[in-house]
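The chain contents come next:
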Amino acid sequence: MTFIEEFIKAIRMTFLLWLLTAIIYPLAILLTGQALFPFQANGSIMVNVEAQPIGSTLIGQRFTSDRYFHSRPSSVKYSQGEQASPTGISGGSNLAPSNPALLDRIVKQTNKFREENIQPTADLIYTSGSGLDPHISLQAAREQLGRVASARGIQDDEILPLINRYTDGRFLWIFGEPGVNVLRLNYALDLQEINRQ
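All values reported here derive from a predicted model rather than from experimental measurement.

Engineer: Can you walk me through the sheet that holds strand β5 (residues 179-181) in this structure?
Structural biologist: Strand pairing in a sheet relies on backbone hydrogen bonds, with the paired strands running either antiparallel or parallel. Pairing is antiparallel across the open sheet formed by 3 strands, whose spatial order is β3-β5-β4. Among the strands making up the open sheet, the edge pair consists of β3 (135-137) and β4 (167-168). Inspection of the sheet shows β3 paired to β5 by 3 bridges, in the antiparallel sense. Bridge pairing in β5 places His-135 opposite Asn-181. With respect to the sheet, helix α7 (residues 182-196) is in contact with β3 and β5, its orientation differing from that of β5 by roughly 55 degrees.

Structure follows, in structure tokens:
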């Protein structure tokens, strides 16, 4: 083969691989996702009764009111305000365990929970590596149960079924621990209150 033939063959192979990996494969994944898993493929965005997006079930949201269960803390400030994206931004603090700023934040968080008569659990004090974790442990939800019930003027027994309903099990039934999806739980509490009125 001559140099020109080899060059044309290389160009064809490059074009074929580009077509396969940059066009055909991504398009097949996109179409499969939209056909079989449209909710997940579009970011798992939850909408309220007015069909306005309130957040993603896959990304932790910040809740500060006593009427809501609090999520895991995040080292980033989520987008807020009218121009905000419902999912915000993500990121870890990258603070070393020996960093005094990390220790100060943990001590402040722990003292805050103790003032609220909440036994601080690891997932209420420590941030997740990505800052995205939408779940808290069942223990963290139970620790906050009294505060939320008191702030809403309802009994603990009215919230427990919602905690059970919005608890996601272990991944593939063996990996990780069950976790409560905080956004779903808090929105269900709001809906329960609207329906009660």
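From this point, things continue past the structure.
Engineer: For this particular structure, what's the right way to read the pairing of strand β2 (residues 53-56)?
Structural biologist: Both faces of the sheet carry side chains from a regular strand, because those side chains alternate between them. As paired elements, strand β1 (residues 45-47) and β2 share 3 bridges and run antiparallel to each other. Among the inter-strand pairings, Val-47 is bridged to a residue of β2, identified as Pro-53. In sequence, β1 turns back onto β2 through a hairpin of 5 residues, with Ala-51 there showing a positive phi of about 65 degrees.

Engineer: It is not clear to me how the packing of aromatic side chains should be interpreted in this structure. Could you clarify?
Structural biologist: Geometry of an aromatic ring pair is reported as the spacing of the ring centres plus the angle between the planes. For the coordinates displayed, the defined rule picks out 4 aromatic pairs. A centroid spacing of 6.3 Å and a plane angle of 20 degrees characterise the contact between Phe-3 and Phe-7, whose relative ring orientation is stacked. You can see Phe-3 and its partner Phe-7 sitting in helix α1 (residues 3-36), 4 residues apart, about one turn around the helix. Under the relative-accessibility criterion, Phe-3 is labelled exposed at 66%. Taken together, a centroid distance of 5.8 Å and an interplanar angle of 35 degrees make the contact between Phe-15 and Trp-18 tilted. One end of the pair, Phe-15, and the other, Trp-18, are both in helix α1, 3 residues apart, so they sit about a helical turn from each other. Overall, Trp-18 belongs to the partly exposed group, its relative accessible area being 46%.

Engineer: What exactly am I supposed to notice about the side chain of Arg-72 here?
Structural biologist: Of note, Arg-72 is situated in the loop between β2 and α3 (100-115). Side-chain polar atoms of Arg-72 contact the backbone oxygen of Tyr-126, separated by 3.0 Å. A distance of 3.2 Å separates a polar atom in the side chain of Arg-72 from a polar atom in the side chain of Asp-133. Look past the residues within four positions of Arg-72 in its chain and what remains in contact with it is Asp-123, Tyr-126, Thr-127, Ser-128, Asp-133, His-135 and Ile-136.

Engineer: Explain the confidence of the model for the protein to me, please; I cannot follow it from the model alone.
Structural biologist: Atom-level detail of predicted coordinates should not be read off regions where pLDDT is low. Taken over all residues, the pLDDT of the protein has a mean of 86, while the share at 70 or more is 89%. Low pLDDT, under 50, characterises residues 79-87; the predicted model gives this stretch 14 contacts beyond four residues in sequence or across chains.

Engineer: Even after reading the chapter, I still don't get the packing of helix α6 (residues 156-165) against α7, so can you show me in this structure?
Structural biologist: Packed helices, taken two at a time, are described by their axes: the angle between them and the distance between them. Close contact between α6 and α7 brings their axes to 10 Å; oriented N to C, the two are set at 135 degrees. Between α6 and α7, the crossing angle belongs to the class labelled oblique. With respect to the hand of their crossing, α6 and α7 are arranged in right-handed fashion. Residue-level contacts link Glu-158, Ile-159, Leu-162 and Ile-163 of α6 to Leu-185, Ala-188, Leu-189, Gln-192 and Arg-196 of α7. Looking at the contact of α6 with α7 residue by residue, the class counts come to 6 nonpolar, 1 polar and 2 charged.

Engineer: Can you walk me through helix α5 (residues 138-152) in this structure?
Structural biologist: Its 15 residues place the ends of α5 20 Å apart at the C-alpha level, agreeing with the 21 Å of an ideal helix rising 1.5 Å per residue. The sharpest bend along α5 reaches about 40 degrees and sits at Leu-145. Among all positions in α5, only Ala-140, Ala-141, Gln-144, Leu-145, Arg-147, Val-148, Ala-149 and Arg-152 are buried. Two residues or fewer after α5 comes Gly-153, characterised by a positive phi angle close to 70 degrees.

Engineer: Just checking my understanding: could you explain the UniProt feature "transmembrane region" (unreviewed entry) in the protein for this structure?
Structural biologist: The feature "transmembrane region" (unreviewed entry), as given by UniProt, occupies residues 15-37 in the numbering adopted here. What you have in residues 15-37 is 96% helix and 0% strand, and the ends, taken at the C-alpha atoms, are 31 Å apart.

Engineer: What is the right way to read unusual backbone geometry from this model?
Structural biologist: Trans is the common state for peptide bonds, and a negative phi is the common state for residues other than glycine. Despite not being glycine, Asn-117 shows a phi value in the positive range, around 60 degrees. Tracing the chain through its elements places Asn-117 in the loop between α3 and α4 (122-125). One non-glycine residue, Trp-173, lies in positive phi territory at about 65 degrees. Mapping Trp-173 onto the fold places it in the loop between β4 and β5. Judged by relative accessible area, Trp-173 falls into the exposed class, the value being 75%.

Calculation notes
- Residues numbered from 1 in each chain as written.
- Predicted model: local features only at pLDDT ≥ 70, side-chain atom pairs only at ≥ 80, totals over all residues.
- Heavy atoms only, no water.
- Pairing = 2+ DSSP bridges.
- Helix = DSSP H or I, 4+ residues; strand = E, 2+ residues; numbered from the N terminus.
- Contact = heavy atoms within 4.5 Å.
- Axes fitted to C-alpha atoms, helices over the stretch in contact; angles between N-to-C directions.
- Phe/Tyr/Trp six-rings, centres within 6.5 Å; stacked < 30°, edge-to-face > 60°.
- Buried < 20%, exposed > 50% of the residue type's maximum accessible area, 1.4 Å probe, protein only.
- Polar contact = N/O pair within 3.5 Å; in protein donor to acceptor, adjacent residues only side chain to side chain.
- pLDDT = per-residue confidence, 0-100.
- Parallel < 35°, antiparallel > 145°, perpendicular 65-115°, else oblique.
- Left-handed = near helix turned anticlockwise from the far one by under 90°.
- Nonpolar A, V, L, I, M, F, W, Y, C, P; charged D, E, K, R; others polar.
- Expected span 1.5 Å × (residues − 1).
- Bend = angle between axes of the 7 residues up to and from the residue.
- UniProt positions renumbered as here; feature names shortened; annotations may be inferred.

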